[in-house]
Each structure stands twice: as C-alpha cells, then as structure tokens.
Amino acid sequence: MRPSPSFPLLAVIAAFWPSLAVAVDYLRDIKPLLEEKCYSCHSALMQEADLRLETRQLMIDAVGGAVIEPKSAATSRLIERISATDDQRMPPPGEGSALNAHEIQLIRDWIDAGAIAPDEPIPDEPSQHWAFQTIVRPQHISSIDNYFASVHQQQNIQAQQRATQTIALRRLYLDLVGLPPTNEQLRDDREWETIVDELLTTPQHGERWARHWMDIWRYSDWYGLGAQLRNSQKHLWHWRDWIIDSLNEDKPYDQMIQEMIAADELSPTDASAIRATGFLARNYYLFNRTTWLDSTIEHTGKAFLGLTLNCCKCHDHKYDPISQLDYYRFRAIFEPHQVRLDPVPGTIDLEKDGLPRVFDDQLTAETFVHIRGDEKNLDRTKVVDPGVPSLFADFATAIQPIDLPVTAYAPIARDYVANDRLKATAEKIIEAAKNLVARKPTYDIAVAKLTAVAIEYRSLQATIDAERLGVTDDKSDEYHAAKTRAAQLQAELTVAEAQLDKLLAGEDKAKQEAAAKKLKEATERISQANEKKPLPYKPIYAAKKALETPAHNDGSYAPNYSPKSSGRRLALARWITDRRNPLTARVAVNHIWLRHFGEPLVADVFDFGLRTKRPVHADLLDFLAVELIESNWSMRHIHRLMVNSELYQRSSSNEHVDKKTRGSDPTNQFYWRMNTIRMQSQLLRDSLLQLSGELDPTIGGPSINPNSATKRRSIYLVHSRDVQDKFLSMFDDADLLQCYRRSESIVPQQALTLANSQLSLTVSQRISEQLWNEMPSKDLDAFVNAAFSLLIARSATTDELHACNEFADDLAEVLREKPETERASRIRERLVHALLNHNDFISVR
C-alpha cells in the first residue's frame, strides 16, 4: 500500500525544482492586477505624481526614477509602496483596498524574474479618445452604400441581393410606422423613396418612434402608494404626446434636447414646449432628493452624451477623464430645480389633469461634494459651482439668470386659470337656480343654496383680483386684501348657515352639531376680522408643487413661484447641442442605426468612454453624425438615408450566400446582409390588432389601464412599476429603470402566450373571417396563400401548402360531428392561429 504524504507534495516539488513551477505571466497575472488596483491614479487618465504604470517601459522611465528594478524586487519602489503598512501605502488607505500577500508576491516574483513583458504601445491621452474628437465629415464617404461597397471590396465579401418586394415592404412598414401593411399595400409598385416619404409623414410614424425614444429617455407613468405620488409624475402622458408630436413635425433633435432640459427657461410661456420637461419630472422621487438628482445626472449623461457620469459620484471616474468634482458641478446645474403640476385649460382639478413640468425654485441652494458619495458627509469647505465636465468645458455656454414673465411663475395670472374657476362656480349658480325653480329640496333651503354660491362667486372674484394685483404690482394693496378676506369670510358664513338649515330639517343630531360648530367658527372669524387688522386671505393654489419630503403637504409651499430662473439648465442644453460637442450627434445616430438594422455601430449605446474601443465603422458613424447636424438635426433625414439604402433593402436570408463571405464574416459585422430583428412587444400587440381590423387609431391622450380591454396602440397603455400589460411584459417590454437597448429573449412562455392568450385567439378568428369574406375564390389553398401573404408577406411553399392541407384534414376528422360550415371556419381560424405563432411572423425579416 502506498503511504499518503503528510505534506503538500506539489509545493515541495515546486520548491526543489523551480523549473516545474508555473511562471508568472505579465498579461495574465500582472497587468490585470495593476489595472484593477493602480490605473485609476497612475495611468493616462490620472497621472498622479507624473507616474504611469500601463507598460513596462513607463515603469522604468518614470519621472523621478524607475519604480521597478528588473531582477531586484527588493530594491523596487513599487514593491516598497504596495507593501507599506502606514500612510505611504498604495493604493492609499480610504481610496482603494490594499493588495493582499498573494498579489504582492505575484508582482515580486515577476520583477525578480526580470519583469518580462511584451512591447506595448503607450496608450493615448484620454483627450485623444476617438469619441472625444470633433466630428468631421469623412471625405471618402458619400453615402451608406458607397461606404459598404468599399468595405466589401476590401474584405472580399459578396453582399446579398435585395429582399423580395413584399418582404422589404413589410420590413419598412413595421420599422417606420409600427404596423403591418395590408395585402393592397404589399402590392404597391410605386418608387421605394415615394413610399418611404409617405410613411415618414404619417402620424403613425411618430407613435412608432416615440416608443423607441421613450425607452432611451426612461418614460414611466407615476406610481406610489394609493394616491400618494412617490415616483415620476401624474399625467406624464403630456410628455409622451410631446415626443410623438415632435417626431411627426420633424422637430430638430437639438431643439428637442433643449426643450426637455430647459423649455421652462427657453420658452417659459409655451405650454406645448414645456411638456418636454417631463424628461426631468420623470426622475422625481419623494423620499430622497439625492436619489432624485442622481437619476437625473446619470440618465442625462447616458441618454444624450453616452457618458457614465454616475461612476464618479463617490470618487474620480476609474476609466474616463471625469472627476468627482465634475459630477457635483453637473449636479449643481440641477440643484435648484423642482417639479410641479400646472393647470391646463378646461380643468381645475389637478387630480384629473395637469401639466407636469420643472422649474427653478431654490436659486440659493448650494452644492457640496459628498465625501465618498455619502450625502450625510458633505465637504462644506467649498461650494461647488455649476458646470460641465472639465474635458469638454472649452465650449461651455455661459450661465445667465432668466427673468420670467408673470404668467410663468404665477399661474393665477393666466386668463384661463381665472376664467375656468369662475366658470365652475357660475355653473354651480345655474344648478342652484334650477333647483330653486324646481323647489328642490325645499324652497327656503334652495334659496339659501343659491345665495351661498352667489356669495362664493363674489368671494372667488375678489380673491382672483387680489391675487393678480399681488403678482403684478410691487406693493400689495391692503384694502384689496381686506376686501377679499371679508368676502371669503362672508362666503364661509353663508355656506355654514345653508348647511345647518339643511340639516335641521333632518334627524341626524351629530351632523347638526358639527354644522352648528362650523357656523359658530365662521361667525367668530368675522368678529375677529372686524375687531382688529384683517387676517390674510386664503390664496388660490392653481398649481401643485411636488412634495419635497413625505413630511410636507400642499400648504407647505407658496401658491406662486420664483420670478427668476437660474439659467443653468438652458446653458447645459446649449452645451449638449453645440456643434462642437463630440458626443451628442454620435450617440443619437447610433440609437437610430440600432433600431433600423438590429445592431448598433457602437456596441455599448450609453457608454462612449475610454472602455469602448473605436468601432469598426467609426467613419460611417461620423458621416451620419455630420448628416444629422448639417440637416438642422433632422431625424427624418437620417431615417431616409438609412432606409433608402441598398443595405437596408437587402435580404436577411443566408440562402444562396457566398460561402467564403459567410465563413469570413459569420456575425455579419460588415453588413453583407440585413439582420433579422425580433418584434418588440408593442409592435407585436399592435400588429395583431391592426391585422384583425380592431386597432383604435386615436392618437394621444391620458394613459390607459391595460386591464380595460382597450384596442388603442400599446404606446398609450399605462407603463409603471405597479401597472404593466401582461402580454407586453412577456415579450421583453421596456425596463422601467433604464432601457437604452431592449433585451431579446426566446422563452417557452412567449410561445404559450401566442398560442393561448385571448388576444391571439380573438384576432385569429377575425383575420380568418376577413380574409375569407374578401376572397373571390373560396378555396383552401387560395386562403392559405392569402394568409401567408398578409401575415408574413410571402406565398406558402409547396411543402407548407401540403402541411396546411394535412392539418386541415386532421382537424376536419376531429371536428367531424360539427356542421360543415362551422368545421371549415374552425379550420381556417386554426391555420391563421398557427401562422401567428410562425417565426416569420414575430420576426422582421
């Protein structure tokens, strides 16, 4: 029997025969370790003490002398510093975790073995990163097709032929308007460009592409607990409708950004434009102001700039040239802003409708760096001034405070606000007069009611006059204020008297006592007002500021707001959309390309920082970015460039493809064919409703509860944490927290949903009925071909026709006891139902 060793055999062997031990490898063991522990301070990004550690040569040629001595770890400064146990340790205490004994030994062994490493190019300075360069038109590109023709020639790639007309048209319709074409539209033989222009100018185009941008801009209806608003804002659908309207009028993309960030400063009296600030209002969070602003900073950076600003809240960015101070300078831009609901014409109840918008409220609010990101540990030694990241500050717009017109900060000064309130009270007078004529409930009480509402009207008019005088004159009119207070008190007294008279006719003693108490209190207030200086009158709260904390209530705030705005957000918006900004246009066209072609040109759509390598088609990205800017930021122009290209119209099939092409580029990196794109959830539901003839085409308006069995387009369904459509959620609906790119999953539950949901069963029946009724020839093969054409834009193959007939025969046998008409109808329904579950239906080929 062989004895078991009582000691680690391999360790002994390694000690006695060093040649058997595994050598330390620089690329495998050392470089990743230095990258994790040291690069945040000692690389091109942050050259503290003028020391860089990205290559062996940089370590040897370091300013102040080499930090490694090959074959002598004991005399290497790098080992000395990473091994220190005092404040000389690197990384410094509090700024990073120390290297453990094993990690230090790895570096020691590497140095003692000669610090062997391959020759590496010295990384560029962060300012030289491809995405941080000014956007310049590539002179060798005149079109998308011109670019790819050159690429394919260089790569020796053979591109696929154009897709069949019907497949290409189905792709175009689903892409541009989000609805499948009819059989008649599939037979459209007009010029492709003519059809493209027609689709781009239909209202349905705005609905389709608004959903894409709502993903990127994190649209979410409000949610909370009961009626308590905790996240986002009520009536945020006004912002959704602004997105649709803006796309349909081809509003310049730079103007869209400016309005979303600062319409209240850019166009303070334009309610239509102010809808755009729902972009910021969506970030509202009741319980923590810092959480609210953190979301604002993160998603403003990601959505428009492709920068992960959120990574430098607690420390300088570990990968990008953005400091922690940059983060708080960016926060200072948003520090004064708050959210409120403004009244809309025709409605005085803000629970029923109102315009969610932002405004600057606390212009003196200060910003301080949060030490290590802790909001309870502020560095109060210095107030942080508002500003953009230092790397891009050379073209920053100067901040100029803005004087607002009175109707912007005092809603009561708007004519419709006063008129709507007076109208509502006048309608109460009319109702009371009708009751008096009808003697309901009794003559005396009806007279009292009419008197009460008439006095209420006079009180309201006096209050409106006083409010308007207060916001339009430098000095308040004490006489007017006293008159208003007297009118309000008289209205209270009259209403209390009428209520008591009404209750005295009944037998409810408790209510009578409560009414008597109110009457007494009203009488006492009038006496008090007569005896001494009148009390302040009750103002009209025409708008509703979102609560800053759960401890606040509506009465915690003044009815009117600051007559000035800081101008900070407008300066930011103009900086983002400046022609010299290297990021904004690149990020935008990358998003558009992704949604047309299924894959983005830059893989990480919200991070264009140093971790993202120059994309393969960087020149094409810049060509498109220049086209966006020079077309006055017209997204419609970019759509035309993309969908009119030969590339967009190519077949997505791998059939008959050149074998060498498929072997050299199996992932279609060089776009020798079109990509197949899986239908998004909204596209799938809308297509089912459209094909069945049940889709309600109404555009805009309040969000609809998905449980209401509505037939409206999916973009109008409530989308929040608490309420989501079950069908949509099964097919990769937009993530509420962030959805810069939809995920695509293929799971059994999706097939079960399409097979068993009430929606798919119902539309199968309606589609089959419509097809059969429209057919001149009542023939099963003709029906199958018509269904294939409508649903997947091609005719059935011979094998598919054979399979459909076999299925019909089998089902006919199962239903043999049914009447022939019913049996034939059921067969057609099931055939349509099967096609709705076909991969070619739920895919955009």
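Remember, it's a predicted structure, so these values are computed and weren't measured experimentally. (Residues numbered from 1 in each chain as written. Predicted model: local features only at pLDDT ≥ 70, side-chain atom pairs only at ≥ 80, totals over all residues. Heavy atoms only, no water.)

A short note on the overall build of the protein
(1) Moving on: In terms of helices and strands, the protein carries 34 helices and 11 strands.
(2) Moving on: Here the C-alpha coordinates of the protein stretch approximately 110 × 90 × 75 Å along the principal axes.
(3) Moving on: Counting every position in the protein, which comprises 845 residues, the buried fraction comes to 52%.
(4) Moving on: Within the protein, contacts between residues at least 6 apart in sequence are counted, and of these 69% link residues at least 24 apart.
(5) Moving on: Carbon together with sulfur atoms contributes 51% to the accessible area of the protein, which is approximately 39,900 Å² in total.
(6) Moving on: Charged side chains in the protein number 101 positive and 119 negative. The centres of these two groups are separated by 4 Å. (Helix = DSSP H or I, 4+ residues; strand = E, 2+ residues; numbered from the N terminus. Buried < 20%, exposed > 50% of the residue type's maximum accessible area, 1.4 Å probe, protein only. Contact = heavy atoms within 4.5 Å. Areas by Shrake-Rupley, 256 points an atom, 1.4 Å probe, with all protein chains shown as cover. Lys, Arg positive; Asp, Glu negative; His and termini not counted. Charge placed at Lys NZ, Arg CZ, Asp CG, Glu CD.)

Considering the state of the cysteines
Disulfides are covalent bonds that connect the sulfur atoms of two cysteines.
(1) Moving on: For the coordinates displayed, the defined rule picks out 0 disulfides.
(2) Moving on: With no disulfide of its own, Cys311 lies closest to Cys312 among cysteine sulfurs, the gap being 7.2 Å.
(3) Moving on: Take Cys311: its relative accessible area is 30%, and that puts it in the partly exposed class.
(4) Moving on: The exposure class of Cys312 is buried, given its relative accessible area of 0%. (Disulfide = S-S within 2.5 Å.)

Brief notes about the side chain of Arg171
(1) Moving on: As for its position among the elements, Arg171 is in helix H7 (residues 165-176).
(2) Moving on: Notably, Arg171 is buried but unbridged: the nearest opposite-charge side chain belongs to Asp175, and the N-O separation is 7.5 Å.
(3) Moving on: In this structure the side chain of Arg171 is engaged in a polar contact, spanning 2.7 Å, whose partner is the backbone oxygen of Arg845.
(4) Moving on: In this structure Arg171 touches Ala163, Tyr648, Gln649, Arg650, Ser651, Ser652, Met674, Val844 and Arg845, once residues within four positions along its chain are discounted. (Salt bridge = Lys/Arg side-chain N within 4 Å of Asp/Glu carboxyl O. Polar contact = N/O pair within 3.5 Å; in protein donor to acceptor, adjacent residues only side chain to side chain.)

Looking at unusual backbone geometry
(1) Moving on: Here Met90 and Pro91 are connected by a cis peptide whose omega angle stands at -5 degrees.
(2) Moving on: In this structure, Pro91 sits in the loop between helix H4 (77-83) and helix H5 (101-112).
(3) Moving on: Although it is not a glycine, Asn668 sits at a positive phi angle of roughly 65 degrees.
(4) Moving on: Note on placement: Asn668 falls in the loop between helix H27 (659-664) and strand S10 (677-678).

Some points on the confidence of the model for the protein
(1) Moving on: Overall, the prediction assigns the protein a mean pLDDT of 90, with 90% of residues at 70 or greater.
(2) Moving on: The model gives residues 1-7 a pLDDT under 50, and that stretch makes 1 contact with residues more than four places away or in other chains. (pLDDT = per-residue confidence, 0-100.)

Examining the sheet that holds strand S8 (residues 544-545)
(1) Moving on: Across the sheet, 3 strands lie side by side as S4-S3-S8; this open sheet has antiparallel pairing. The open sheet has two edge strands, strand S4 (355-360) and S8, and neither has a second partner.
(2) Moving on: Across 2 bridges, the pairing between strand S3 (residues 337-342) and S8 is antiparallel. Each bridged residue has a counterpart across the sheet, and for Arg340 the counterpart in S8 is Lys545. (Pairing = 2+ DSSP bridges.)

Notes on the packing of helix H28 (residues 681-691) against helix H31 (residues 758-774)
(1) Moving on: As a packed pair, H28 and H31 sit with axes 8 Å apart at the nearest point and diverge in direction by 35 degrees. The element H28 and its partner H31 pack so that their crossing is left-handed. Of the residues in H31, those touching H28 at Arg685, Leu688, Leu689 and Leu691 are Leu759, Val763, Ile767 and Gln770.
(2) Moving on: Here the residues of the contact of H28 with H31 sort into 6 nonpolar, 1 polar and 1 charged. (Axes fitted to C-alpha atoms, helices over the stretch in contact; angles between N-to-C directions. Left-handed = near helix turned anticlockwise from the far one by under 90°. Nonpolar A, V, L, I, M, F, W, Y, C, P; charged D, E, K, R; others polar.)

Here's the deal with the pairing of S3
(1) Moving on: Most of S3 sits out of view: 6 of its 6 residues are buried.
(2) Moving on: Both faces of S3 are covered, namely the face carrying His337, Val339 and Leu341 and the face carrying Gln338, Arg340 and Asp342.
(3) Moving on: Note: S3 against S4, 6 bridges, orientation antiparallel. What sits directly across from Val339, in S4, is Val358.

Examining the pairing of strand S2 (residues 228-231)
One face of the sheet, then the other: side chains in a regular strand alternate in exactly this way.
(1) Moving on: With 3 bridges joining them, strand S1 (residues 223-225) and S2 adopt antiparallel strand pairing. If you follow Tyr223 over to S2, its bridge partner there is Asn231.

Overview of the environment of Ala74
(1) Moving on: Tracing the backbone shows Ala74 in the loop between helix H3 (56-60) and H4.
(2) Moving on: Judged by relative accessible area, Ala74 falls into the exposed class, the value being 74%.
(3) Moving on: Put simply, Ala74 and Arg108 are 34 residues apart on the chain and 8.0 Å apart in space, counted from C-alpha to C-alpha.

A few points about helix H10 (residues 203-216)
(1) Moving on: A rise of 1.5 Å per residue sets the reference length of H10, with its 14 residues, at 20 Å; its end C-alpha atoms lie 21 Å apart and thus fit the reference within 8%.
(2) Moving on: With 12 of its 14 residues buried, H10 lies for the most part within the structure.
(3) Moving on: All buried positions along H10 are accounted for by His205, Gly206, Glu207, Arg208, Trp209, Ala210, Arg211, His212, Trp213, Met214, Asp215 and Ile216.
(4) Moving on: In the segment just after H10, Arg218 is the residue with positive phi, at about 65 degrees. (Expected span 1.5 Å × (residues − 1).)

A closer look at the environment of Leu51
(1) Moving on: Position of Leu51 among the secondary structure elements: in the loop between helix H2 (26-37) and H3.
(2) Moving on: Overall, the relative accessible area of 16% leaves Leu51 in the buried class.
(3) Moving on: Along the backbone, Leu51 and Glu822 are 771 residues apart, and their C-alpha atoms lie at a distance of 83 Å.
(4) Moving on: What Leu51 contacts, discounting residues up to four positions off in sequence, is Cys41, His42, Ser43, Ala62 and Val67.

Here we look at helix H33 (residues 798-814)
(1) Moving on: Here H33 is 17 residues long and its end C-alpha atoms lie 25 Å apart, about the 24 Å a rise of 1.5 Å per residue gives.
(2) Moving on: Among the residues making up H33, those that are buried are Glu800, Leu801, Cys804, Ala808 and Leu811. The buried residues of H33 occupy an angular sector of 100 degrees when projected down its axis, which confines them to one face. Of the exposed residues in H33, the ones pointing more than 90 degrees away from its buried face are Thr798, Asp799, Asp809 and Asp810.
(3) Moving on: Packed against the buried residues of H33 are helix H32 (780-792) and helix H34 (820-836). (Arc of directions from axis to C-beta.)

As for the pattern of salt bridges
(1) Moving on: Counted under the stated rule, the structure contains 44 salt bridges.
(2) Moving on: Notably, a salt bridge pairs Lys234 with Glu351, separated by 2.9 Å at the nearest N-O pair. Linking Lys234 in the loop between S2 and helix H11 (237-248) with Glu351 in the loop between S3 and S4, this pair joins segments that are 117 residues apart in sequence.
(3) Moving on: Owing to a relative accessible area of 8%, Lys234 belongs among the buried residues under this scheme.
(4) Moving on: Looking at Glu351, the relative accessible area reads 44%, which means it is partly exposed.
(5) Moving on: Salt-bridge contacts for Glu829 lead to Arg830; the nearest nitrogen and oxygen are separated by 3.9 Å.
(6) Moving on: Residue Glu829 is classed as buried on the basis of its relative accessible area, which comes to 10%.
(7) Moving on: Salt bridges sharing common partners tie together Glu207, Arg685, Asp686 and Arg713.

Quick notes on the side chain of Arg414
(1) Moving on: Structurally, the position occupied by Arg414 is in the loop between helix H17 (406-409) and helix H18 (415-437).
(2) Moving on: Side chain to side chain, Arg414 and Asp342 meet in a polar contact 2.9 Å long.
(3) Moving on: Within the local environment of Arg414, its side chain forms a polar contact with the side chain of Tyr416, the two groups lying 3.1 Å apart.
(4) Moving on: Contacts of Arg414, omitting those with residues within four sequence positions, involve Arg340, Asp342, Pro343, Arg357, Thr407, Ala408 and Arg468.

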